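The residues making up each chain are set out below.
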Amino acid sequence: MWGLDCGRSIASPILHLANREECPEGCEEHSKRAATNLWEGRAERPVSVSISQLRLRRSRGPRTAFVLSGGGNQAVSQLGMLRALLERDIIPDVVIGTSAGAFNGAAIASSPTLESVERLVVTWESLRGDEVFPGGRLSRAWNLLTRDDHLFSNQGLRALLESGSHPPNFDDLQLPLRVIACDLETGEEVVFASGALGPALLASAALPGLFPPIRHDGRILVDGAVVDTVPLSHALAGPVDRVYVLNVAGELLRRPLRSPIDVAVRAFTISRKQRFDLELRNVPERIDMVVLPAPADDRELFDFTDPLMLIEEAHHLAARALDQAELAKRRRLTMRRPWWRRT
């Protein structure tokens, strides 16, 4: 129901209409679709739906989306958040990610289990800055002198993807996954939902200027954080009841600007924070929205030290936030009852 055309930029209001498969009106799939459309107020014409179908639709659990932001090395904190969610049996129906968040999200879409989170922990614990950003100062200076389009090779990223447990294609995932990238030529936001998984993840993490752009699906692609570091709108465009946002790129850190890279990262942070704040203010009231807090992380971009400490702190913060959100939800439901039925 969150179907999208692979490699196309699609406006948010029509995301749920993309990639529809045609079927005869009498088939079982058509009946299910009609019932869903009627329940969600999207029926194109009057349809006949039985009461039992509507009751079955309502008996299903809340439709849940996980939204994982970009954030480079800070995305390690998302593992603690994912652990807290899965410990409470909160399983997504769709996963949407940008950049490093797409890498983490792909692992959950492949296997939404605590074991999958622990495999991610092992992966992040083994990361080193000189592996993700290979080459020394001489190599970077040479790239500048030769007017290349990047400072670092993406071989470290490729090795990271190959070492993960991701399947080769989107269709092999257990859950729907949406990966956000940016078309460098047109400036369009590109959403990948099918086809080869590796190139989509590599494109979504191709931080412009640092890593080479990815040529895929007839486009030149760079990091999705350029246009949408917290892809909340794509969750809201589908039939969803609750959204959990794992945002590790929200705060402006007051650390010194020591290099052009620091300036670029700060500029990205400013622009993406404004878009996320705007989208957050326009979330429909019917949707339960939980933005999980991230621990303070003032490490430099190339610093991958202390992952376990950040994971544990993120887990603690997320667990407390989830428990508070559940308590607040119960209170709201209680207040909606007549006073004589409250307990």
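That block above? That's the structure.
Residues numbered from 1 in each chain as written. Predicted model: local features only at pLDDT ≥ 70, side-chain atom pairs only at ≥ 80, totals over all residues. Heavy atoms only, no water.

### Overview of the overall build of the protein chain
- The helix and strand inventory of the protein chain stands at 12 helices and 8 strands.
- Within the protein chain, buried positions represent 48% of all 343 residues.
- Taking contacts inside the protein chain between residues at least 6 apart in sequence as the whole, the part at least 24 apart equals 72%.
- Of the accessible surface of the protein chain, which amounts to about 17,700 Å², a share of 53% is contributed by carbon and sulfur atoms. (Helix = DSSP H or I, 4+ residues; strand = E, 2+ residues; numbered from the N terminus. Buried < 20%, exposed > 50% of the residue type's maximum accessible area, 1.4 Å probe, protein only. Contact = heavy atoms within 4.5 Å. Areas by Shrake-Rupley, 256 points an atom, 1.4 Å probe, with all protein chains shown as cover.)

### What to know about the packing of helix H4 (residues 100-110) against helix H5 (residues 114-125)
- Running from N to C, H4 and H5 point in directions that differ by 140 degrees, and their axes come no closer than 9 Å. Between H4 and H5, the interaxial angle falls into the category oblique. The way H4 lies across H5 gives a crossing that is right-handed. Contact residues: Ala100, Phe103, Asn104, Ala107 and Ile108 in H4; Ser116, Val117, Leu120, Thr123 and Trp124 in H5.
- Tallied by class, residues from the contact of H4 with H5 come to 7 nonpolar, 3 polar and no charged. (Axes fitted to C-alpha atoms, helices over the stretch in contact; angles between N-to-C directions. Parallel < 35°, antiparallel > 145°, perpendicular 65-115°, else oblique. Left-handed = near helix turned anticlockwise from the far one by under 90°. Nonpolar A, V, L, I, M, F, W, Y, C, P; charged D, E, K, R; others polar.)

### Here we look at the nonpolar core
- In terms of nonpolar packing, the biggest core is built from 64 residues, with Trp124, Leu177 and Leu292 touching the most fellow members.
- It is H4 that contributes the most residues to this core, 7 residues altogether.
- Leaving out residues up to four positions away in the same chain, leucine 177 has contacts with Val95, Gly105, Ala106, Ala109, Phe170, Phe192, Ala193 and Leu197.
- If you look at the next biggest cluster of nonpolar residues, it comprises 16 residues, including Ala235, Leu236, Val245 and Phe276. (Core = buried A, V, L, I, M, F, W, Y, C linked by side-chain atoms within 4.5 Å.)

### As for the environment of phenylalanine 66
- With respect to the helices and strands, phenylalanine 66 occurs in strand S1 (residues 64-68).
- Classification of phenylalanine 66 by relative accessible area gives buried; the value is 0%.
- For the pair phenylalanine 66 and glycine 105, spaced 39 residues apart in sequence, the C-alpha to C-alpha distance is 8.1 Å.
- Once residues within four sequence positions are removed from consideration, phenylalanine 66 is found in contact with Leu82, Leu85, Ile90, Pro92, Val94, Val95, Ile96 and Tyr244.

### Side note on the pattern of salt bridges
- One pass over the structure, following the stated rule, counts 13 salt bridges.
- Between aspartate 183 and arginine 219 there is a salt bridge, with its nearest N and O atoms 2.6 Å apart. Of the two residues, aspartate 183 sits in strand S3 (residues 177-183) while arginine 219 sits in strand S6 (residues 219-223), which places them 36 residues apart along the sequence. Summarising the burial analysis for this pair, aspartate 183 and arginine 219 share the class buried. (Salt bridge = Lys/Arg side-chain N within 4 Å of Asp/Glu carboxyl O.)

### Structural notes on the packing of aromatic side chains
- One pass over the structure, following the stated rule, counts 6 aromatic pairs.
- Here the aromatic residues Phe133, Phe152, Phe211 and Phe302 are joined through ring pairs into a cluster of three or more. (Phe/Tyr/Trp six-rings, centres within 6.5 Å; stacked < 30°, edge-to-face > 60°.)

### Some details on H5
- Its 12 residues place the ends of H5 16 Å apart at the C-alpha level, agreeing with the 16 Å of an ideal helix rising 1.5 Å per residue.
- Within the sequence span of H5, burial applies to Ser116, Val117, Leu120, Val121, Thr123 and Trp124. Projected down its long axis, H5 shows its buried positions confined to an angular sector of 165 degrees, all on one face. Facing away from the buried surface of H5 by more than 90 degrees, the exposed residues are Glu115 and Val122. (Expected span 1.5 Å × (residues − 1). Arc of directions from axis to C-beta.)

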